[in-house]
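Structural features, examined
Spelled out, the chains give:
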Amino acid sequence: MRTGDLLDKRRADWSELEQLCDAFQASKKSVVRSGKTVSRLASLYRGTCSDLAMAEVYQLPPVTIEYLHRLVARAHNQLYQSRRFEWEKWSKVIAVDMPRTIFSDVCVHIAALVFFGLFALGAMLGSNETTFATFATQIAGDEALEDLEKSFEKPLSANFNHYVFMASFYIRHNTSIGLRCFGMGPLIIPCIVELGFQAVLLGTMFGYMARPDVAAGEHFFEFVTAHGPFELTAIALSAAAGLRLGFGLVATAGLMRIESFKAHALRALPIAFAAVFLFFLAAITEGFISPSPLPYAFKAFWAIASSMAMMFYFVVLGVPRGGDRGT
């Protein structure tokens, strides 16, 4: 049979495909876009693609080739068109599912307790210049403390160059802490050790700069107050996401280890996403608000407001309504 005759016999399928494209384009109802009709559209689409290839190889009339090109393009658009953004669905994911998942996750509880508990302990011991006078030196080292004081010996000014450079350094430094904790998460114990060490180190530096005899302390807290809540919380969440991966290798619940790891990785995604978003907010704050000559009252207000916003999101929205609990 000649190629032209063979393609002529395919015109009925082309006509059917064209009618399906018209129906799909004219209606968004699920009845029209049922599984059966979508499957039929896909089958006709594949057949028409083959017809187009054959028509081009055997150099059929340009009118036929152009018609098939248009038909294939229309069918492709109907099959692979991007879905509309489902605001209702994603608002539920962001405002309901994510905070509840994070709030109920035991890995978040562990990471928060270790990090903020040891941070507070380090700050308390580091600020005590009588009973624990050498504690800050033993933890951070004389050189690091001297560099810290030197960095904040001058008041913040309208010249952003110095503090923007410092902001980039601290963003990189603290983000690297989060990444290290996340990367060590599958090992569990090294992750907790790293998180605890960084918590004590950061807390000690905060406590040391709070000492009355440290003149640079006022400038230091003027700089770190605004972005501190975002950044510290992001570090704890990074470790929690890593720990969730580690639990997937240990608490398999009867699954194969790789399958358990995949399941726990899905549970770690909301925690990791929250950590990334908080690091982003910390970077914006640290780059534009922290080094600015804005009044300290505004920076303190920003820190309080951001802390309350995180408390509302992770705790108020996170309290399970249906009794769901993490393991």
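Before reading further, recall that the structure is shown in the block above.
Nothing here was measured: the structure is a model prediction, and the numbers come from that model. Within any chain, residue numbers begin from 1 and follow the written order of that chain's sequence. Given that the model is predicted, a residue must reach a pLDDT of at least 70 before its local features are reported, and side-chain atom pairs must reach 80 or more before they are shown or counted; all residues, however, enter totals for whole chains, interfaces and linings. Derived side-chain values reflect all non-hydrogen atoms in the structure, with water molecules and hydrogen atoms excluded from consideration.

1. Things to note about the overall build of the protein
Strands are runs of DSSP state E lasting at least 2 residues, helices are runs of H or I lasting at least 4, and numbering of each runs from the N terminus. What the protein contains, in helices and strands, is 14 helices and zero strands. Secondary structure elements of the protein, listed N to C terminal, follow the sequence α-α-α-α-α-α-α-α-α-α-α-α-α-α. Sequence-distant contacts in the protein: of pairs separated by 6 or more residues, those separated by 24 or more amount to 76%. Shrake-Rupley sampling with a 1.4 Å probe provides the accessible areas, and residues are treated as covered by the protein chains on show and by no other component. As presented, the protein carries roughly 18400 Å² of accessible surface, and 66% of it is formed by carbon and sulfur atoms. In this description, contact between two residues means that some pair of their heavy atoms is separated by no more than 4.5 Å.

2. Remarks on the packing of helix 5 (residues 87-104) against helix 13 (residues 257-288)
To obtain each axis, a line is fitted to C-alpha atoms, and for helices this fit is confined to the stretch in contact; angles are then taken between N-to-C directions over 0 to 180 degrees. Interhelical geometry of helix 5 versus helix 13 gives an angle of 100° and a closest axis separation of 9 Å. On the basis of the axis angle, helix 5 is roughly perpendicular to helix 13. Along its contact with helix 5, which presents Met-98, Thr-101 and Ile-102, the element helix 13 presents Arg-267, Pro-270, Ile-271, Phe-273 and Ala-274. When residues are sorted by character, Ala, Val, Leu, Ile, Met, Phe, Trp, Tyr, Cys and Pro go into the nonpolar class, Asp, Glu, Lys and Arg into the charged class, and all the rest, Gly among them, into the polar class. A per-class count over the contact of helix 5 with helix 13 returns six nonpolar, one polar and one charged. Here the angle decides the label: under 35 degrees means roughly parallel, over 145 means roughly antiparallel, 65 to 115 means roughly perpendicular, and every other value means oblique.

3. Overview of the layout of surface pockets
The computed volume of the second largest pocket comes to approximately 410 Å³. If you trace the second largest pocket, you find 17 residues lining it, with Ala-112, Phe-116, Thr-233, Phe-314 and Val-315 closest to the centre. Counting residues per element, the ones that place at least two in the lining of the second largest pocket are helix 5, helix 6 (106-127), helix 12 (228-250) and helix 14 (296-316). Along the lines of polarity and charge, the residues of the lining of the second largest pocket split into 14 nonpolar, three polar and no charged. Here a cavity denotes a set of grid points, spaced 1 Å apart and computed over the protein atoms alone, in which a 1.4 Å probe fits but from which it cannot get out, and a pocket denotes an open set meeting protein on both sides within 12 Å along at least five of seven lines; residues with an atom within 4 Å of a point are reported as lining. Grid points are joined across faces, edges and corners, and a volume is the space filled by probe spheres set on the points.

4. Digging into the packing of aromatic side chains
Planes of paired rings set the category: under 30 degrees apart is stacked, over 60 is edge-to-face and the rest tilted, where pairs are Phe, Tyr or Trp rings (Trp by its six-membered ring) whose centres lie within 6.5 Å. Tallied over the full model, the rule gives eleven aromatic pairs. Plain terms: the ring middles of Phe-152 and Phe-220 are 5.4 Å apart, the flat faces sit at 90° to each other, and that makes the pair edge-to-face. Taken as a pair, Phe-152 in the loop between helix 8 (142-151) and helix 9 (161-184) and Phe-220 in helix 11 (residues 217-224) lie far apart in primary sequence, 68 residues in all. There is no split in this pair, since Phe-152 and Phe-220 are both buried. On the basis of an interplanar angle of 85° and a centroid distance of 5.2 Å, the ring pair of Tyr-313 and Phe-314 is categorised as edge-to-face. Its relative accessible area of 14% is what places Phe-314 among the buried residues. Relative accessibility under 20% of the residue-type maximum defines a buried residue, over 50% an exposed one, and the middle range a partly exposed one, all with a 1.4 Å probe and only protein chains included.

5. Structural notes on the nonpolar core
One recurring pattern in soluble globular proteins: nonpolar side chains tend to sit buried together. The term nonpolar core refers to a set of buried residues drawn from Ala, Val, Leu, Ile, Met, Phe, Trp, Tyr and Cys, joined through side-chain atoms within 4.5 Å. Of all hydrophobic cores here, the largest spans 47 residues; its most connected members are Phe-115, Leu-195 and Leu-237. The element contributing the most residues to this core is helix 12, with ten residues. Setting aside anything within four residues of it in sequence, one finds Phe-115 in contact with Leu-195, Ala-199, Leu-202, Leu-232, Ile-235 and Ala-236. Within the second largest apolar cluster, 16 residues are counted, among which are Leu-41, Tyr-45, Leu-68 and Leu-71.

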